[in-house]
Amino acid sequence: MRESAARVLPTHEVTNQPPPLPSIDLFEGDIALVEAVRRSGAESAEPHLKRSGKHAGDERVQDIARLAHRYQPELHAFDRFGHRQDAVEFHPAYHELMQLVFGDGVHSLAWTAREGGHAARTALSYIWNQADQGVNCPASMTYGAVKALRNHPPLSAALEPKILANAYDPRPIHFRDKSAITIGMAMTEKQGGSDLRATATVAVPAGDGEFGPEYLLTGHKWFCSAPMSDGFLTLARTEKGVTCFFLLRSLADGTRNPFFIQRLKDKLGNRSNASSEIEYADTRAIQIGDEGRGIPTLIEMAHLTRLETAISSAAIIRRALTEAIHHTRYRRTFQRALVDQPIMQSVLADVATESEAHLALTMRAAQAQDLAATDSTEALLSRFLVPLAKFWVCKRTPPLVAELLECFGGNGYVEEGLLARLYREAPLNGIWEGSGNVICLDLVRVLRREPQVRDALRGEIRVPGSATLNALWSEIDGLIDQVVADEQGARWLVERTAIAVQYSLLLRHAPDFVSDSFRASKIDRPHLTMGSLKADAALRRIVERAAVS
Ligand SMILES: Cc1cc2nc3c(=O)[nH]c(=O)nc-3n(C[C@H](O)[C@H](O)[C@H](O)COP(=O)(O)OP(=O)(O)OC[C@H]3O[C@@H](n4cnc5c(N)ncnc54)[C@H](O)[C@@H]3O)c2cc1C
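Residues numbered from 1 in each chain as written. Predicted model: local features only at pLDDT ≥ 70, side-chain atom pairs only at ≥ 80, totals over all residues. Heavy atoms only, no water.

(A) Inspection of the UniProt feature "domain: Acyl-CoA oxidase/dehydrogenase middle" (unreviewed entry) in the protein chain at higher detail. Cross-referencing UniProt, the feature "domain: Acyl-CoA oxidase/dehydrogenase middle" (unreviewed entry) maps to residues 184–282 in the present numbering. Within the segment residues 184–282, helix and strand shares are 0% and 55% respectively, and the terminal C-alpha atoms sit 19 Å apart. (UniProt positions renumbered as here; feature names shortened; annotations may be inferred. Helix = DSSP H or I, 4+ residues; strand = E, 2+ residues; numbered from the N terminus.)

As structure tokens, this is what we get:
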């Protein structure tokens, strides 16, 4: 097509630059996702996912996300007269994204779906995380908060209708006057984020309020994302130890609860989402769960937000892969489309195979979460597979995104394209909700406290007739003995187990050319860089399967 006169440059013609990725269907255009939803008990959510896939894949959403990340939130600690206001101002694009994501129920679907709620929500989050990763933070905290708040039935009964509303209402007023609310969580303090037993914020009794005994909190939180949320789950120390509390930013009498936003973090990525440092000074809060049992109470919620980190990372890889396949189909080097160059094809096929394995593992963890209430084996699997996916998928995201960024050559390194943003986003899910080693320690804890998980894993990994999986299981069985005795080897055990579960899932559910490629890449001839798959016809089929239409 001839370029219009206004677009023609005086010095040269622009050629061999791919067109921008057009609107895509992030659900029906993604074969592996549709298959995963159908085998995870979330089929009834398909009509919803079909709508969301088209909506989130729309070109316009990409542009809104670009704006929200480009024009970052600003803190207004004081108004122009010097009164404290502790407000964060966002670009309108951020509010629009919040409207889209909360309007589509990314925070609520797990609790409102007829069946397979966690699997359905995980798929929905996979779709929306490919459009934007900034608003996924408030959406996932609001999703997880439901679990922790149910420890306080009267409070939960009052809040849940507003939490589960598929709407976004940013007004800083009391929750009863709002159509919808969002919930954050503030736990990390300067002296300890992983080791929350170091919590120094103090809670003192302050009489009875509408929902029972109340406390006044004094202290700080070193990281508090989405500080404009309506309420926060938090930790503070009482006489009996670290306890979970819930606080509202706006109180019933119309005043603001003391919640001082000291500054916003200047972050590597995740820039549309504000992350702050805050202080409490006689901040009114309601106790959640048993006194002195704050960490176990919040860990129930963290289990769900960890599932979210895994699917968010899988989505980041997926989006980068989609962009890379699009680019390499158009870009020509040395007389061929890049996608047809043998080494490039091997790189893309290798990443595509691993990307599908990450989706399969995370959807299986979500399915186990759904079945946990009625099936004890699934309960054990959920307890293990969620942190397993959190560790492994998040850990693999930075190197895979870096590889995909390189597929663009220099264009990949420039902020106007999406890859630079995905690259800056890539390490974050590995850090929050428990960093890598802490997740490994959690898995060691499961193996020590619930030894039956070994049988559940054996059943999940072994597939009749697969000598590869039998051999892998024997190795893992031995590693479990070692790690139960000494945590030192935990990372190797976790890596081997993740690969075994992923291969087992692909062998049972994916086409042979995908599972064979995974076995070659991760088990038979493991390699450190992507693209060492042997050239054969399967590579093209893998890339075609992964291309989103
Ligand atoms: C952008 C962003 C937003 C955030 N938002 C929030 C929020 O909204 N609310 C909130 O509460 N927190 C938030 N956090 C904080 C985050 O959860 C913590 O940073 C994280 O839990 C790690 O805690 P830490 O920073 O204190 O590191 P540390 O606890 O000091 O850990 C440092 C490293 O040591 C490792 N480590 C710790 N213990 C052991 C051990 N026993 N053996 C081996 N290795 C170990 C960890 O895995 C980690 O790699 C946010 C962080 C970021 C980056």
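(B) Expanded view of the pairing of strand 9 (residues 275–288). The element strand 9 is extensively covered by neighbouring structure, given that ten of its 14 residues are classed as buried. Here strand 5 (residues 212–225) runs beside strand 9; their pairing, made up of ten bridges, is antiparallel. If you follow C224 over to strand 9, its bridge partner there is S276. Alignment of strand 7 (residues 241–248) against strand 9, held across three bridges, turns out to be antiparallel. Residue pairing for strand 9: C244 is matched across the bridge by I288. Across four bridges, strand 8 (residues 260–264) lies against strand 9 in antiparallel orientation. Residue pairing across strands places F260 opposite E279, the latter belonging to strand 9. (Buried < 20%, exposed > 50% of the residue type's maximum accessible area, 1.4 Å probe, protein only. Pairing = 2+ DSSP bridges.)

(C) Highlighting helix 4 (residues 92–103). When the terminal C-alpha atoms of helix 4 are compared, their 16 Å separation across twelve residues agrees well with the 16 Å that a helix rising 1.5 Å per residue should span. Residues of helix 4 that are buried: A93, Y94, L97, M98, L100, V101 and F102. On its buried side, helix 4 packs onto helix 2 (46–56), helix 3 (59–70), helix 6 (117–129) and helix 7 (136–149). Just past helix 4, the residue G105 takes up positive phi, approximately 80°. (Expected span 1.5 Å × (residues − 1). Contact = heavy atoms within 4.5 Å.)

(D) View of unusual backbone geometry. If you check the backbone angles, N270 has positive phi at about 50° while not being a glycine. Mapped onto the fold, N270 is located in the loop between strand 8 and strand 9. Even without being glycine, F334 reaches a positive phi, approximately 45°. Looking at where F334 falls in the secondary structure, it is placed in the loop between strand 10 (332–333) and strand 11 (336–337). Taking relative accessible area as the criterion, F334 reaches 74% and is therefore assigned exposed.

(E) Examining the environment of F175 more closely. Relative to the helices and strands, F175 resides in the loop between helix 8 (153–163) and strand 3 (183–186). Among the residues examined, F175 registers a relative accessible area of 3% and is labelled buried. Residues F175 and A252, spaced 77 residues apart in sequence, show a C-alpha to C-alpha distance of 8.3 Å. With sequence-adjacent residues up to four places away left out, F175 is seen in contact with A158, L159, K162, I181, F211 and L248.

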